[in-house]
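Fold and geometry: a report
So you can see what is in the structure, the chains are spelled out below.
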Amino acid sequence: MDYLLKNCDFVLTWINDEPKVLRNVDIAISDGLITGVGTITMGGFEKIDCSGHVVIPGLVNAHTHTPMSLLRGFYDDAELMTWLNKMWSVERELTRDVIALGSELSIIEMIMSGTTAFIDMYHYPDVTADVALKYGLRAALGSTFIDTLRKPSCVENELRNFVSTYGKSQLVRPLINVHSIYAVSRDTLLRARDLSNELDLPIQVHVSETRDEVYESKRRYGMFQWST
Ligand SMILES: [Zn+2]
């Protein structure tokens, strides 16, 4: 589909590595690529009136748990570990259908705020990946190591399947999620590192979120932070 964004009041862009603001221009888009910026009069496009609007590059949500939009307000204002234990007890029960609904809500909200890419951590990443593809968002996500909920061998098998299914996708980028150093064993951390090297995937992990975690890390590993 070809689109023509007409009469954009402001366009925030980069020209020759410099930020630039353009005023009152049209933007032509063909097959998903910007093919013209300026005063464009040629036909054949579906026109979208952008007067009164600002056009910017898509925003990136650098860390989220999309299905958790369904748990907003469910158990607020608790200390992290108390809160997590409560969440995990609920999340054990979430089905793929429920996770799809939560991801869809979050993705619609992201689109409404101009976000076009996100990095996710949750169970059933294939479900969220399919919703992202349905709406045309970029998503980096993958299976999550969390020994308190799932066997590491099951997570690894799921991850390998996820990579073989989505590894060549233009919009979905597989990664390895490790929930945190307190939710997995040292063996699982090393397994994630080895998988990262073998499959050439980045790792996403929560670190140093609380003072307790920092000192527990020092007690268990002799270091304040995880280092491979
Ligand atoms: Zn998080």
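Heads up: these notes are all about the structure in this document. Quick caveat, the model's predicted, so the values are computed rather than measured.

Here we look at the sheet that holds strand 6 (residues 59–64)
- What the four strands build is an open sheet, ordered 6-7-8-10; its pairing is parallel. A single partner strand is all that each edge strand has here, and the edge strands are strand 6 and strand 10 (172–174). Strand-to-strand twist across the sheet, computed as the mean angle between neighbouring axes with direction ignored, equals 15 degrees.
- The pairing of strand 6 with strand 7 (residues 115–120) spans four bridges and is parallel.

Points about the packing of helix 3 (residues 125–135) against helix 4 (residues 152–166)
- Orientation of helix 3 relative to helix 4, taken along the N-to-C sense of each, is 20 degrees, at an axis distance of 10 Å. Taken together, the axes of helix 3 and helix 4 lie roughly parallel to each other. Of the two possible hands of crossing, helix 3 and helix 4 adopt the one that is right-handed. Here P125, D126, A129, D130 and L133 of helix 3 lie close against helix 4, whose contacting residues are E158, F162 and Y166.
- Residue composition of the contact of helix 3 with helix 4, grouped by class: five nonpolar, no polar and three charged.

Reading the values: the criteria
Residue indices begin from 1 for each chain and proceed along its sequence in written order. Local features in a predicted model are, by the rule used here, given only for residues with pLDDT of at least 70; side-chain atom pairs are given and counted only at 80 or more, and totals for whole chains, interfaces and linings are based on all residues. Only heavy atoms go into the side-chain values, all of them from the structure, while hydrogens and water stay out. Strands are labelled as partners when DSSP assigns at least two bridges between them. Think of it this way: any DSSP run of H or I at least four residues long counts as a helix, any run of E at least two long counts as a strand, and we number them from the N terminus. Between N-to-C directions, angles cover 0 to 180 degrees, with each direction set by a line fitted to C-alpha atoms, over the stretch in contact for helices. Should an angle lie under 35 degrees it is considered roughly parallel, over 145 roughly antiparallel, and from 65 to 115 roughly perpendicular; all remaining angles are considered oblique. Crossing handedness follows the turn of the near helix against the far one: under a right angle anticlockwise gives a left-handed crossing, and clockwise gives a right-handed one. In this description, contact between two residues means that some pair of their heavy atoms is separated by no more than 4.5 Å. Three classes are used, and their members are as follows: Ala, Val, Leu, Ile, Met, Phe, Trp, Tyr, Cys and Pro are nonpolar, Asp, Glu, Lys and Arg are charged, and the others, Gly among them, are polar.

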